[in-house]
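# Chain and residue survey
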Amino acid sequence: MNEDVRLTAWVRGRVQAVGFRWFTRAKALEIGGLSGFALNLEDGRVQVVAEGPRAGCQELLDWLREGDTPGRVDGVTEIWDTPRGIYETFAIR
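What follows deals with the pairing of strand 1 (residues 4-14). Looking at chain direction, strand 1 and strand 3 (residues 46-53) are connected through 8 bridges and run antiparallel. Paired with L7 across the two strands is A50, which belongs to strand 3.

The phi angle at A17 is positive, at roughly 65°, despite the residue not being glycine. Looking at the secondary structure, you find A17 in the loop between strand 1 and helix 1 (20-31). Relative accessible area serves as the criterion here: at 85%, A17 is assigned to the exposed category.

Under the defined criterion, the tally for this structure stands at 6 salt bridges. The salt bridge partner of E3 is R54, with a shortest N-O separation of 3.1 Å. Here the residue E3 occupies a position in the segment before strand 1, and R54 occupies one in helix 2 (residues 54-66), the gap between them amounting to 51 residues. Overall, the relative accessible area of 30% leaves E3 in the partly exposed class. The partner of E30 in a salt bridge is K27, and the shortest N-O contact between them spans 3.2 Å. You can see E30 and its partner K27 sitting in helix 1, 3 residues apart, about one turn around the helix. Residue E30 is classed as exposed on the basis of its relative accessible area, which comes to 60%.

With that settled, consider the side chain of K27. The class of K27 is buried, set by a relative accessible area of 16%. Within the local environment of K27, its side chain forms a polar contact with the side chain of E30, the two groups lying 3.2 Å apart. With residues up to four places along the chain from it excluded, the contact list for K27 reads E59, L60 and W63.

This next bit is on the nonpolar core. Residues V11, V48, L60, L64 and F90 are the most contacted members of the largest nonpolar core, which totals 20 residues. Sort the elements by how many residues they give to this core and helix 2 lands first, with 5 residues. Contact partners of L64, with chain neighbours within four places excluded, come to A9, V11, F20, T24, V48, T69, V73 and V76.

Rules of the game
- Residues numbered from 1 in each chain as written.
- Predicted model: local features only at pLDDT ≥ 70, side-chain atom pairs only at ≥ 80, totals over all residues.
- Heavy atoms only, no water.
- Pairing = 2+ DSSP bridges.
- Helix = DSSP H or I, 4+ residues; strand = E, 2+ residues; numbered from the N terminus.
- Buried < 20%, exposed > 50% of the residue type's maximum accessible area, 1.4 Å probe, protein only.
- Salt bridge = Lys/Arg side-chain N within 4 Å of Asp/Glu carboxyl O.
- Polar contact = N/O pair within 3.5 Å; in protein donor to acceptor, adjacent residues only side chain to side chain.
- Contact = heavy atoms within 4.5 Å.
- Core = buried A, V, L, I, M, F, W, Y, C linked by side-chain atoms within 4.5 Å.

Spelled out as C-alpha coordinates, the structure:
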(Lines give C-alpha, C1' and ligand atoms only; values in the text may rest on other atoms or scores of the structure.)
Protein backbone atom coordinates (compact mmCIF):
# COMPACT_ATOMS: atom_id res chain seq x y z
CA MET A 1 0.00 0.00 0.00
CA ASN A 2 1.49 3.32 -1.07
CA GLU A 3 -1.18 5.89 -0.32
CA ASP A 4 -0.42 9.60 -0.42
CA VAL A 5 0.61 11.15 2.89
CA ARG A 6 1.88 14.42 4.33
CA LEU A 7 5.21 14.42 6.14
CA THR A 8 6.24 17.38 8.28
CA ALA A 9 9.78 17.18 9.63
CA TRP A 10 11.79 19.56 11.77
CA VAL A 11 15.54 19.18 11.31
CA ARG A 12 17.90 20.29 14.11
CA GLY A 13 21.63 20.94 13.86
CA ARG A 14 23.78 23.15 11.66
CA VAL A 15 21.27 23.22 8.82
CA GLN A 16 21.04 26.90 7.92
CA ALA A 17 23.44 28.83 5.64
CA VAL A 18 24.87 25.54 4.29
CA GLY A 19 22.58 24.89 1.30
CA PHE A 20 20.38 22.47 3.23
CA ARG A 21 17.07 23.67 1.74
CA TRP A 22 18.47 23.54 -1.80
CA PHE A 23 19.77 19.99 -1.35
CA THR A 24 16.47 18.95 0.27
CA ARG A 25 14.56 20.26 -2.74
CA ALA A 26 16.96 18.50 -5.11
CA LYS A 27 16.49 15.21 -3.22
CA ALA A 28 12.70 15.56 -3.26
CA LEU A 29 12.79 16.16 -7.03
CA GLU A 30 15.16 13.20 -7.49
CA ILE A 31 12.77 10.93 -5.57
CA GLY A 32 9.90 12.21 -7.70
CA GLY A 33 6.20 12.55 -7.01
CA LEU A 34 6.70 14.84 -4.00
CA SER A 35 5.47 18.37 -3.49
CA GLY A 36 5.94 20.72 -0.54
CA PHE A 37 8.69 22.98 0.74
CA ALA A 38 11.78 23.48 2.91
CA LEU A 39 11.80 26.54 5.18
CA ASN A 40 14.35 28.07 7.57
CA LEU A 41 12.84 28.70 11.01
CA GLU A 42 13.91 31.51 13.32
CA ASP A 43 15.17 29.04 15.94
CA GLY A 44 17.78 27.58 13.56
CA ARG A 45 15.84 24.49 12.46
CA VAL A 46 14.63 23.69 8.95
CA GLN A 47 11.02 22.64 8.47
CA VAL A 48 10.37 20.23 5.62
CA VAL A 49 6.84 19.50 4.40
CA ALA A 50 6.45 16.81 1.76
CA GLU A 51 3.30 15.34 0.25
CA GLY A 52 3.13 12.34 -2.03
CA PRO A 53 3.45 8.58 -1.94
CA ARG A 54 4.36 7.19 1.50
CA ALA A 55 7.44 5.43 0.11
CA GLY A 56 8.79 8.69 -1.36
CA CYS A 57 8.16 10.63 1.84
CA GLN A 58 9.85 7.88 3.86
CA GLU A 59 12.85 7.96 1.51
CA LEU A 60 13.13 11.74 2.00
CA LEU A 61 12.86 11.34 5.79
CA ASP A 62 15.56 8.64 5.78
CA TRP A 63 17.80 10.97 3.75
CA LEU A 64 17.17 13.84 6.19
CA ARG A 65 18.21 11.59 9.07
CA GLU A 66 21.10 9.65 7.61
CA GLY A 67 21.86 10.89 4.11
CA ASP A 68 24.67 12.95 2.71
CA THR A 69 23.16 16.27 3.73
CA PRO A 70 25.09 19.53 3.92
CA GLY A 71 25.88 20.86 7.38
CA ARG A 72 25.22 18.63 10.37
CA VAL A 73 21.93 17.02 11.37
CA ASP A 74 21.60 16.46 15.13
CA GLY A 75 18.05 15.14 15.00
CA VAL A 76 14.78 15.03 13.12
CA THR A 77 11.27 15.11 14.54
CA GLU A 78 8.42 14.17 12.24
CA ILE A 79 4.66 13.86 12.10
CA TRP A 80 2.56 12.09 9.48
CA ASP A 81 -0.81 13.38 8.34
CA THR A 82 -3.32 13.43 5.52
CA PRO A 83 -2.12 15.40 2.46
CA ARG A 84 -3.77 18.75 1.80
CA GLY A 85 -2.95 18.81 -1.92
CA ILE A 86 -2.11 22.52 -2.02
CA TYR A 87 1.46 22.37 -3.39
CA GLU A 88 2.24 22.20 -7.10
CA THR A 89 5.98 21.47 -6.78
CA PHE A 90 8.68 21.28 -4.13
CA ALA A 91 9.86 24.78 -3.25
CA ILE A 92 12.41 26.59 -1.12
CA ARG A 93 10.83 29.16 1.15
